[in-house]
2 protein chains.
Amino acid sequence: MRSVVIVGAGVIGRSVGLALRRHGVTTYLTDADPEAALAGERCGAGFAARPPRQADIAVLAVPPDQVAPVLAEHQKLGTARCYTDVSGVKVPLHREVRAYGCDLTSLVSGAPVVGGGQGPAQPRADLFDGRPWALTPTEATGNLALNCALELVALCGAVSVLLAPEAHDRAVALVSHAPHLVASLVAARLLGGDESAVRLAGQDLRDVTRTADGDPERWAEILTANAGPVADQLDDWAAEAQAMARELRDAARSGDATGPVRLRETLRFGAAGRARIREPDTPRP
Amino acid sequence: MRSVVIVGAGVIGRSVGLALRRHGVTTYLTDADPEAALAGERCGAGFAARPPRQADIAVLAVPPDQVAPVLAEHQKLGTARCYTDVSGVKVPLHREVRAYGCDLTSLVSGAPVVGGGQGPAQPRADLFDGRPWALTPTEATGNLALNCALELVALCGAVSVLLAPEAHDRAVALVSHAPHLVASLVAARLLGGDESAVRLAGQDLRDVTRTADGDPERWAEILTANAGPVADQLDDWAAEAQAMARELRDAARSGDATGPVRLRETLRFGAAGRARIREPDTPRP
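Note that the structure is predicted; figures quoted are calculated from it, not measured. (Residues numbered from 1 in each chain as written. Chains lettered and ligands numbered in written order. Predicted model: local features only at pLDDT ≥ 70, side-chain atom pairs only at ≥ 80, totals over all residues. Heavy atoms only, no water.)

As a further point, take the sheet that holds strand 1 (residues 3-7) of chain A. Residue and element names in this part refer to chain A. If you walk across this open sheet you meet the 4 strands as 2-1-3-4, and the pairing is parallel. The open sheet has two edge strands, strand 2 (26-30) and strand 4 (80-85), and neither has a second partner. Strand-to-strand twist in this sheet, taken as the mean axis angle between neighbours without regard to direction, amounts to 20°. The pairing of strand 1 with strand 3 (residues 55-60) spans 4 bridges and is classified as parallel. (Pairing = 2+ DSSP bridges. Helix = DSSP H or I, 4+ residues; strand = E, 2+ residues; numbered from the N terminus. Axes fitted to C-alpha atoms, helices over the stretch in contact; angles between N-to-C directions.)

Right, dumping it as structure tokens:
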């Protein structure tokens, strides 16, 4: 990989630039706001200029609702041999991409997992190191585009995870979107709590609700874009919570402390489920 | 405060001993297992012996279902001028204490908030520093007992939070018990996820589910003891989740992305609720 165009010089775009330049890749930044591209150049993420020839790949690090029109525009200009994006919900994206008449053989949609409720704060070359980066090729995607995307992800230090668009959206509903909404629900209920109740909050509650700090508008967009899978998760989950509430009330009435079987199961499965995702993670305040 | 008897030489009991000895208080450890008391003495938490005269206060750091009988026994022996415990659910506790015919004027039930899913791992003198410590006096509690308990909490470095027993149990349902169950539910659902879905887990999910690592049996006891308030939280919460799922589906059907009003509210309230409990907390892996 020799040259990459990064469309959108925000935190993600600049971080991609910084990451790629570690390996001697030449990066070109462009942004609807020319000042942003210049700022990206100043921070070392790439040249705020057009590449002299067709780039190997273009990374569309733009807001989700702009990916399709931006892709169509750059494909018309022949900016790069293939294209990827970083938006979080894939089924609606591909629908829009088709509606815009984009070429799907040169597109491998993608999404780096860089969590943190508000999104990363500062551009960093190591932002993606060791992190998952989803890639969602379709049946139309060509081998050239796929291999180029795999190389991009590797150069950014991340671990590629391939899924179909539908599977991706269900996956992120499970591991990111619904949990975020749950964290917000728990945090929102604190507003109704007495002062003395809130005084009893401990580290556990801060952990559960940390992600609720995220930008509400950005999350509303994401969740609405992934409405179906997220609604499925919420419903399954609410049903489980209600079943446990019933069990608890029955146990309280009957005085049978061994009654809550589903509760015990959930607690045990919870510990097992947690073990599936345990790995040395970064301590954060 | 000059002398304190600590009944139950586990992690909490030993930590209380270590904390008090920082201020020159003489502490005496006793435990159903004499080896535990001796181990507590060796770690510096106090003397594994009976006090020569009546102690100022006895801290019953025993499992919740043993508090009432242990209290009755020590009140009969006249071990201390007043008594406190550290168990997490107060209404059932006071019911048992009355059933055992204990003297309520000398009891101030309490509960230090020392979170961390599995409970603290090692006894530490600074375990309670800056942490909340709930105290739940009843109408029967005498001033001497209350002031003694306030002093105990202060010497342990903690911040007293006074609540009636019913208010305490609703409070911990809100800020600890139901959130723990929520975290377990989210984590339990990971067991059903594909490998590739789980690979997309990020820091946010680890935060939300961290507390699910806790001891399932210990938590089952706590939640069952606080069945009513916890069931109330779960039901309210499930209803809210279902309402948001309906909103999301309606928005998906109508194509109206501004439709999910309740969703946006929850996300905004979530950020506001999080702000109520934000404070410099210890980074943990």
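Quick look at the domain arrangement of chain A now. Frequently, the measure chosen for interface size is the accessible area that the parts lose on association. Residues and elements named next belong to chain A. Per the domain assignment, the segments of chain A are domain 1 (3-163) and domain 2 (168-275). Once you take the C-alpha centre of each, domain 1 and domain 2 turn out to be 33 Å apart. With both sides pooled, the region where domain 1 packs onto domain 2 buries about 880 Å², and carbon together with sulfur makes up 61% of that total. Our enumeration of links across domain 1 and domain 2 arrives at 0 salt bridges. There are 2 residue pairs in polar contact (both at pLDDT 80 or more) connecting domain 1 and domain 2. (Domains from an automatic or database assignment. Buried area = accessible area lost by both parts, 1.4 Å probe. Salt bridge = Lys/Arg side-chain N within 4 Å of Asp/Glu carboxyl O. Polar contact = N/O pair within 3.5 Å; in protein donor to acceptor, adjacent residues only side chain to side chain.)

Let us look at helix 2 (residues 34-42) of chain A. Residues and elements named next belong to chain A. Looking at helix 2, one finds that the buried residues are A36, A37, A39 and G40. The arc enclosing the buried residues of helix 2, seen along the axis, measures out at 160°, which places them on a common side. Opposite the packed face of helix 2, turned more than 90 degrees from it, sit the exposed residues P34 and R42. A distance of 2.9 Å separates the backbone nitrogen of E35 from a side-chain oxygen at the start of helix 2, and that oxygen is part of D33. Of the residues trailing helix 2, G44 is marked for its positive phi of about 95°. (Buried < 20%, exposed > 50% of the residue type's maximum accessible area, 1.4 Å probe, protein only. Arc of directions from axis to C-beta.)

Here we take up the relation of the copies chain A and chain B. Both copies of the chain are related through a single rotation about an axis accompanied by a shift along the same axis. Rotating chain A by 180° about the axis while translating it 0.0 Å along that axis superimposes it on chain B, leaving an RMSD of 0.0 Å. Put plainly, the chains are arranged around a two-fold axis. Comparing interface residues between copies, 100% of those in chain A also sit at the interface in chain B, which points to an isologous, same-surface contact. (Least-squares fit on C-alpha atoms with pLDDT ≥ 70 in both. Contact = heavy atoms within 4.5 Å.)

A contiguous patch of negative charge, built from A:D65, A:E96, A:D215 and A:E221, is present on the exposed surface. Along the chain, A:D215 falls in the loop between helix 8 (203-209) and helix 9 (216-225). (Patch = residues over 30% accessible without salt bridge, like charges linked within 9 Å, V, L, I, M, F, W, Y side chains within 5 Å. Areas by Shrake-Rupley, 256 points an atom, 1.4 Å probe, with all protein chains shown as cover. Lys, Arg positive; Asp, Glu negative; His and termini not counted. Charge placed at Lys NZ, Arg CZ, Asp CG, Glu CD.)

This part is about the interface of chain A and chain B. If you look at the interface, chain A gives 97 residues, while chain B gives 97 residues. Of the roughly 9100 Å² buried at the junction of chain A and chain B (both faces included), carbon and sulfur atoms supply 65%. Counting across the interface, chain A meets chain B through 12 salt bridges. The residue B:D207 makes a salt bridge to A:R210 at a minimum N-O spacing of 3.2 Å. Across the chain A-chain B interface, the total number found is 23 residue pairs in polar contact (both at pLDDT 80 or more). Put simply, the parts of the chain that give the side of chain A that touches chain B at least two residues each are strand 6 (132-136), strand 7 (159-162), helix 6 (165-189), helix 7 (195-199), helix 8, helix 9, helix 10 (227-254) and helix 11 (261-277) of chain A. When residues in the side of chain A that touches chain B are grouped by element, the largest group, 20 residues, is from helix 10 of chain A.

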